[in-house]
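# Residue-level structural notes
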Amino acid sequence: MELGLVGLGKMGGNMRQRIRNAGHTVVGVDHNPDISDAKDLADMVGKLTADQPKVVWIMVPVQAIDAVVTELSDLLSPGDIVIDGGNSRWTDDTRRAAQLAEKDIRFVDCGVSGGVWGLENGYALMCGGDKDTVDVVMPIFEALKPEGEFGFVHAGKVGAGHFSKMVHNGIEYGIMQAYAEGYELLEAADVVENVPEAFESWREGTVIRSWLLDLLVASLKDDSHLAKIRGYADDSGEGRWTVEAAIDHAVPMPAISAALFARFASRQEDSPAMKAIAAMRNQFGGHAVKGAEAADPSYATPPKH
Ligand SMILES: O=C(CO)[C@H](O)[C@H](O)COP(=O)(O)O
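Residues numbered from 1 in each chain as written. Predicted model: local features only at pLDDT ≥ 70, side-chain atom pairs only at ≥ 80, totals over all residues. Heavy atoms only, no water.

Once that is clear, we can look at the state of the cysteines. This structure, assessed with the given rule, holds 0 disulfides. Of all cysteine sulfurs in the structure, the one in C127 sits closest to C110, which takes part in no disulfide; the separation is 5.4 Å. Its relative accessible area of 0% is what places C127 among the buried residues. (Disulfide = S-S within 2.5 Å. Buried < 20%, exposed > 50% of the residue type's maximum accessible area, 1.4 Å probe, protein only.)

Let's shift gears to the nonpolar core. Grouped together as the largest cluster of nonpolar side chains are 22 residues, with contacts concentrated most on W57, I83, C110, V112, L125, F141 and L144. Looking at this core, the elements that each hand over two or more residues are β1 (2-6), α1 (10-21), β3 (55-58), β4 (81-84), β5 (106-113), β6 (124-128) and α6 (131-144). In terms of residues, this core owes the most to one element, α6, which gives 5 residues. Not counting the four nearest positions on each side in its chain, F141 is found in contact with W57, V108, C110, L125, C127, V134 and F152. Counting residues in hydrophobic clusters, the runner-up holds 21 residues, among them V6, V27, V68 and L76. (Core = buried A, V, L, I, M, F, W, Y, C linked by side-chain atoms within 4.5 Å. Helix = DSSP H or I, 4+ residues; strand = E, 2+ residues; numbered from the N terminus. Contact = heavy atoms within 4.5 Å.)

Turning to the packing of helix α7 (residues 160-189) against helix α9 (residues 211-222), a few remarks are in order. Their axes nearest at 10 Å, the elements α7 and α9 cross at an angle of 45°. When the axis of α7 is compared with that of α9, the two are oblique. Regarding α7 and α9, the two cross each other, and that crossing is right-handed. The segment α7 lies against α9, with E172, I175, M176, Y179 and Y183 engaging L212, L213, L216 and L220. When grouped by side-chain class, the residues that make up the contact of α7 with α9 number 8 nonpolar, no polar and 1 charged. (Axes fitted to C-alpha atoms, helices over the stretch in contact; angles between N-to-C directions. Parallel < 35°, antiparallel > 145°, perpendicular 65-115°, else oblique. Left-handed = near helix turned anticlockwise from the far one by under 90°. Nonpolar A, V, L, I, M, F, W, Y, C, P; charged D, E, K, R; others polar.)

Now for the sheet that holds strand β2 (residues 25-29). Spatial strand order, β2-β1-β3-β4-β5-β6-β7: 7 strands in an open sheet with mixed pairing. Only two strands of the sheet have a single partner each, and these edge strands are β2 and β7 (152-156). This sheet shows a mean twist of 25° between the axes of neighbouring strands, independent of strand direction. By the bridge criterion, 5 bridges tie β5 to β6 in an arrangement that is antiparallel. What sits directly across from C110, in β6, is C127. Against the sheet, α6 engages β1, β3, β4, β5, β6 and β7, with an angle of about 35° to β5. (Pairing = 2+ DSSP bridges.)

In terms of burial, β1 is largely enclosed, as 5 of its 5 residues are buried. Covered by surrounding structure in β1 are E2, G4 and V6 together with L3 and L5, the residues of both alternating faces. Relative to β2, β1 runs parallel, the two being bridged by 5 bridges. Bridge pairing links L5 to G28 in β2. With α1 bridging β1 and its parallel neighbour β2, the resulting β-α-β unit is right-handed. Looking at chain direction, β1 and β3 are connected through 3 bridges and run parallel. Looking at the pairing, G4 lines up with V56 of β3. (Right-handed = clockwise from strand over helix to strand, strands pointing away.)

Next up on the list: a nonpolar patch on the surface. Where nonpolar side chains cluster on the molecular surface, the patch consists of M274, I277, M280 and F284 and spans about 450 Å² of accessible area. Along the chain, M274 turns up in helix α12 (residues 272-285). (Patch = residues over 30% accessible without salt bridge, like charges linked within 9 Å, V, L, I, M, F, W, Y side chains within 5 Å. Areas by Shrake-Rupley, 256 points an atom, 1.4 Å probe, with all protein chains shown as cover. Salt bridge = Lys/Arg side-chain N within 4 Å of Asp/Glu carboxyl O.)

Attention now goes to the UniProt feature "domain: 6-phosphogluconate dehydrogenase C-terminal" (unreviewed entry) in the protein chain. With numbering matched to this structure, UniProt assigns "domain: 6-phosphogluconate dehydrogenase C-terminal" (unreviewed entry) to residues 161-288. Note that residues 161-288 is 67% helix and 0% strand, and that its end C-alpha atoms are spaced 53 Å apart. (UniProt positions renumbered as here; feature names shortened; annotations may be inferred.)

Glancing now at the pattern of salt bridges. This model, assessed by the stated rule, comprises 18 salt bridges. Ionic pairing is found between D66 and R96, a salt bridge with its closest N-O pair at 2.9 Å. With a gap of 30 residues between them, D66 in helix α3 (residues 62-75) and R96 in helix α4 (residues 90-101) connect regions that are remote in the sequence. Between D74 and K103 there is a salt bridge, with its nearest N and O atoms 2.7 Å apart. Of this pair, D74 sits in helix α3 while K103 sits in the loop between α4 and β5; the two residues are 29 residues apart in sequence, bridging distant segments of the chain.

Rendered as structure tokens:
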């Protein structure tokens, strides 16, 4: 089968290779001419010549997806298929599907998990769209997914793929946070003599073995106290959308929301909220505060009311 692939970065570049390894033709396009097979989107579409609907997979940062969808809507023909494999917000899928449907172009949303290891291990795929459309793309999904029984779901209509991926990522936040908190306690308590060794021992036989645990062990092998990196964690939206969806459905989500808020806390040099707590403790109990007492001696004595 023939596929156009837009975006050949960390994910798209390896996906092109895995699809080619399975014997398909991929015409990839990227801003970087050194890795691109076509000079622009029009050139890429022109190079898709097989007797089939043209199928174009978008694998670009979320901010760039709308522009690519709009350009493709002018380049493709009725019956052709666009797949959005980025980490899009699931509510954007119906809007993009409707935009393309105006020109009878079909749309599939596909959450992709596997990161930089996907070339080797395969990518777990969660897609949404009409069954007939998903069936056309199936050879490409088969090429990308891990070998074996699992790693693919046609989750439902348009939007269901990214909704599934969003919840997957929310769970990812919660699992990572739990390992991270356990790591901090082990480091702080100084009871377990070799923390990386304890984590490594959990990789087999335990209830908490997982790939994320394997990855943490790999990081601790390289840097046993994680001294080379700062405790600063970004987010790209998936955790926020998961918590927002939980609110929409009144679903209690204490672990995932705590994991999300822990990331926000990681970005603060100092905590305005904890300053407020320290100030109130000082007000009601004359409890000592850190930092400000040197500059303002009034903090050293309990205020009189
Ligand atoms: O989808 C992924 C993994 O499954 C991406 O790595 C994603 O970036 C993770 O989300 P966040 O950046 O918010 O941690």
